[in-house]
Amino acid sequence: MEHPLETLRECPSCNKSGFSQQLTCKDYTFSNRPFDIVSCNSCGLLFTNPRPDESGIGVFYDNPEYVSHTDTQRGLLFWLYGIVKRYTLGQKRKLLEGFTSTKTVLDYGAGSGDFSNELASNGWEVSSFEPDANARKLILAKNDKINLTPSLDSINDGSKSVIALWHVLEHVHRLQYTIQQFLRILSNDGKLVIAVPNHTSFDAKFYKENWAAYDVPRHLYHFCPDTLVILMESQGFILVAMKPMWFDSFYVSLLSEKNTSNGGLVKSLIGWVRAFVVGLISNLVALMDTNKCSSVTYVFKKRHLIRP
Ligand SMILES: [Zn+2]
């Protein structure tokens with residue numbers, strides 16, 4: 001099956017040209033096709049290039065195992081994922097409630113709507129954006145108080161106290177446009193919360209091209225603290241906090257074991273033990289240095305405020 005690919009000539013972050021080939025990863029979830037990851041010679045950003053264009057990417061999500069768009073739980077890995085998800089949902093909500101009393105949120109890339117539901121069930125006014133039609137149905141089935149927004153353009157200036165992207169920014173085609181929209185719709189004291197995987201983590205270095213969080217071609221960008229902060233500062237934001245995400249190292253390591261065992265489920269005990277040890281080492285390294293955590297939640301604020 002052929003899908004159109006687009007080749008970027010300019011860095012999606014700094015707009016400069018000049019890239020270096022970094023590694024070639026396989027799409028383990030859908031197509032089994034190889035995709036190259038390059039790094040920008042100017043700002044250091046890693047990105048998938050060439051990549052499916054915005055109209056062609058949809059088919060690469062069309063897999064029942066694409067876990068964040070479904071609610072089905074099959075096997076031990078999915079069962080564990082469900083348990084950890086319930087715990088972390090509460091933690092994520094409390095993080096947001098720690099820096100705002102105005103509870104107006106945009107959940108951008110809401111997936112199957114668990115986080116939107118967590119907030120809407122706790123007094124938040126929730127707008128959710130989700131491009132996948134099946135996922136949108138799941139969101140509405142979960143909580144009819146959630147307002148599904150068709151596009152960023154339809155949201156008023158300065159109307160959101162929080163915009164949250166849980167493992168979403170790495171999927172966004174129109175990167176600079178989207179961040180500029182966030183800048184427009186965020187209130188003056190609002191916070192932009194972005195969680196993304198970190199390719200400088202121990203688990204990423206251990207699994208190399210099999211690291212599950214490369215997830216090509218769905219992940220268009222592969223951030224680390226330096227490259228994300230360069231991007232966000234160039235778009236008018238300032239970093240205010242970084243929070244480690246302790247469970248991601250284990251989950252990503254388990255998925256990476258699945259990749260190393262030729263696409264089968266993690267059947268061997270050795271695979272499970274190794275994933276646990278790699279995840280643990282990754283977290284021990286991150287305990288000393290949040291910059292090395294498998295996934296990091298970043299909190300940004302606006303550099304310049306809009307005059308009333
Ligand atoms: Zn660049």
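This text follows the structure it describes.
Residues numbered from 1 in each chain as written. Predicted model: local features only at pLDDT ≥ 70, side-chain atom pairs only at ≥ 80, totals over all residues. Heavy atoms only, no water.

**Points about the overall build of the chain**
- Helix and strand counts for the chain stand at eight helices and 13 strands.
- Computed over C-alpha atoms, the radius of gyration of the chain comes to 19 Å, within 12% of the 19 Å expected from 2.2 N^0.38 for 308 residues, which places it in the range of a compact globule.
- In the chain, which comprises 308 residues, the share counted as buried stands at 51%.
- A fraction of 72% describes how many contacts in the chain between residues 6 or more apart in sequence connect residues 24 or more apart. (Helix = DSSP H or I, 4+ residues; strand = E, 2+ residues; numbered from the N terminus. Rg over C-alpha atoms; globule rule 2.2 N^0.38 Å. Buried < 20%, exposed > 50% of the residue type's maximum accessible area, 1.4 Å probe, protein only. Contact = heavy atoms within 4.5 Å.)

**With respect to the coordination of the zinc ion**
- Around the zinc ion, the donor atoms from the protein are C11 (SG), C14 (SG), C40 (SG) and C43 (SG), and they sit 2.3 Å away.
- Note that the zinc ion binds four donor atoms; their angles at the metal cover 102 to 116°, and the shape is tetrahedral.
- Positions of the donor residues of the zinc ion, expressed as sequence spacing, correspond to C-x2-C-x25-C-x2-C. Placement of the pair is C11 in the loop between β1 (5–6) and β2 (19–26) and C40 in strand β3 (residues 34–40), with a sequence separation of 29 residues. (Donors = N, O, S within 2.8 Å, 3.2 Å for Na, K, Ca; no water. Tetrahedral: all angles 85-135°; square planar, octahedral: opposite > 155°, others 65-115°.)

**Regarding the packing of helix α7 (residues 248–260) against helix α8 (residues 269–288)**
- Viewed as axis vectors pointing N to C, α7 and α8 meet at an angle of 140°, and their least axial separation amounts to 8 Å. As the angle between them shows, α7 and α8 are arranged oblique. α7 and α8 meet at a crossing whose hand is right-handed. Contacts from S249, F250, S253, L254, E257 and T260 in α7 reach G271, W272, R274, A275, F276, V278, G279, L280, S282 and N283 in α8. (Axes fitted to C-alpha atoms, helices over the stretch in contact; angles between N-to-C directions. Parallel < 35°, antiparallel > 145°, perpendicular 65-115°, else oblique. Left-handed = near helix turned anticlockwise from the far one by under 90°.)

**Quick notes on the side chain of D203**
- Within the element layout of this structure, D203 appears in helix α5 (residues 202–207).
- At 2.9 Å, the side chain of D203 and the side chain of W211 are in polar contact.
- In contact with D203, not counting residues within four places along its chain, are W211, S249, V252, S253, V278, S282 and S294. (Polar contact = N/O pair within 3.5 Å; in protein donor to acceptor, adjacent residues only side chain to side chain.)

**Quick word on the sheet that holds strand β11 (residues 221–222)**
- The four strands are arranged β2-β3-β4-β11 in an open sheet whose pairing can be described as antiparallel. Edge strands, defined here as strands with exactly one partner in the open sheet, are β2 and β11.
- In this sheet, strand β4 (residues 46–48) lies alongside β3 in antiparallel orientation, the contact comprising three bridges. Counterpart to I37 in the pairing with β4 is T48. (Pairing = 2+ DSSP bridges.)

**Some remarks on the pairing of strand β10 (residues 186–197)**
- In terms of residue burial, β10 counts as a mostly covered element, since ten of its twelve residues are buried.
- Summarising the sheet, strand β9 (residues 160–166) and β10 pair through six bridges and their orientation is parallel. Note on β10: the bridge partner recorded for I163 is L192.
- The parallel pair β9 and β10, bridged by helix α4 (residues 175–185), forms a crossover whose chirality is right-handed.
- Inspection of the sheet shows β10 paired to strand β13 (residues 295–302) by six bridges, in the antiparallel sense. Across the sheet, A195 pairs through a bridge with T297, a residue of β13. (Right-handed = clockwise from strand over helix to strand, strands pointing away.)

**Here's the deal with helix α1 (residues 75–97)**
- For α1, which comprises 23 residues, the first-to-last C-alpha distance of 34 Å matches the rise-based estimate of 33 Å (1.5 Å per residue) to within 8%.
- The complete set of buried residues in α1 reads L77, F78, G82, T88, L89, G90, K92, R93, L95 and L96. (Expected span 1.5 Å × (residues − 1).)

**Quick look at unusual backbone geometry**
- A cis geometry characterises the amide bond from N49 onward to P50, with omega recorded as 0°.
- Checked against the element boundaries, P50 lands in the loop between β4 and β5 (51–52).
- The omega angle of the peptide bond from V216 to P217 is -5°, so this bond is cis rather than trans.
- Of note in the backbone geometry, N32 takes a positive phi value of approximately 60° without being a glycine.
- Checked against the element boundaries, N32 lands in the loop between β2 and β3.
- N32 sits in the partly exposed class, given a relative accessible area of 49%.
- One non-glycine residue, H167, lies in the positive phi region at around 55°.
- Inspection of the secondary structure puts H167 in the loop between β9 and α4.

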